[in-house]
Amino acid sequence: MKTYTGGCHCQKVRYEVDIDNLTEVMSCNCSICSKRGWLLTFVPSSSFRLLQGAEEVTTYHFNENKINHIFCKTCGTASYGSGSDSTGNVMMAINVRCLDNVDTTALQINHVDGKNF
Ligand SMILES: [Zn+2]
């Protein structure tokens with residue numbers, strides 16, 4: 001397990017996240033992932049600590065409102081999000097592009113056909 005730091009572009013939103021063996025990320029072609037350009041990994045909410053910026057973010061909902069698409073009100077960066085898995089556990093979606101000192105070109109990208117789910 002390794003602790004990464006990350007956040008939005010203007011630095012108002014900062015977090016720490018514990019990720020076990022970050023070698024792969026998910027790229028999804030659904031309506032919002034494709035427009036946002038996310039590379040995602042998922043962790044339990046207990047592995048995520050918002051260090052600053054709780055008042056600096058706002059949340060976008062669409063469809064069934066199941067996923068909290070959280071983004072910085074100032075710079076618009078969507079550095080993380082949240083939602084519940086099938087058993088009700090809160091999971092955090094981490095935008096790996098927003099982590100500090102991660103070379104995303106070294107990661108395996110798993111393409112997910114979310115558009116057709
Ligand atoms: Zn920002």
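That block above? That's the structure.
All of the points below concern the structure found in this document.

Cut-off values and rules
- Residues numbered from 1 in each chain as written.
- Predicted model: local features only at pLDDT ≥ 70, side-chain atom pairs only at ≥ 80, totals over all residues.
- Heavy atoms only, no water.
- Donors = N, O, S within 2.8 Å, 3.2 Å for Na, K, Ca; no water.
- Tetrahedral: all angles 85-135°; square planar, octahedral: opposite > 155°, others 65-115°.
- Buried < 20%, exposed > 50% of the residue type's maximum accessible area, 1.4 Å probe, protein only.
- Core = buried A, V, L, I, M, F, W, Y, C linked by side-chain atoms within 4.5 Å.
- Helix = DSSP H or I, 4+ residues; strand = E, 2+ residues; numbered from the N terminus.

### A closer look at the coordination of the zinc ion
Then comes step 1: Bound to the zinc ion on the protein side are C8 (SG), C10 (SG), C72 (SG) and C75 (SG), at distances that span 2.3 to 2.4 Å.
Then comes step 2: Note that the zinc ion binds four donor atoms; their angles at the metal cover 105 to 115 degrees, and the shape is tetrahedral.
Then comes step 3: Motif for the zinc ion, donor spacing along one chain: C-x1-C-x61-C-x2-C.
Then comes step 4: Given a relative accessible area of 29%, C75 falls into the partly exposed group.

### Here's the deal with the nonpolar core
Then comes step 1: With 22 residues, the main nonpolar core has Y15, V17, L22, Y80, I94 and L99 as its most contacted residues.
Then comes step 2: If you tally residues by element for this core, the top one is strand β2 (residues 14-19), at three residues.
Then comes step 3: C28, C30, W38 and L40 belong to the second largest nonpolar core, which has nine residues in total.

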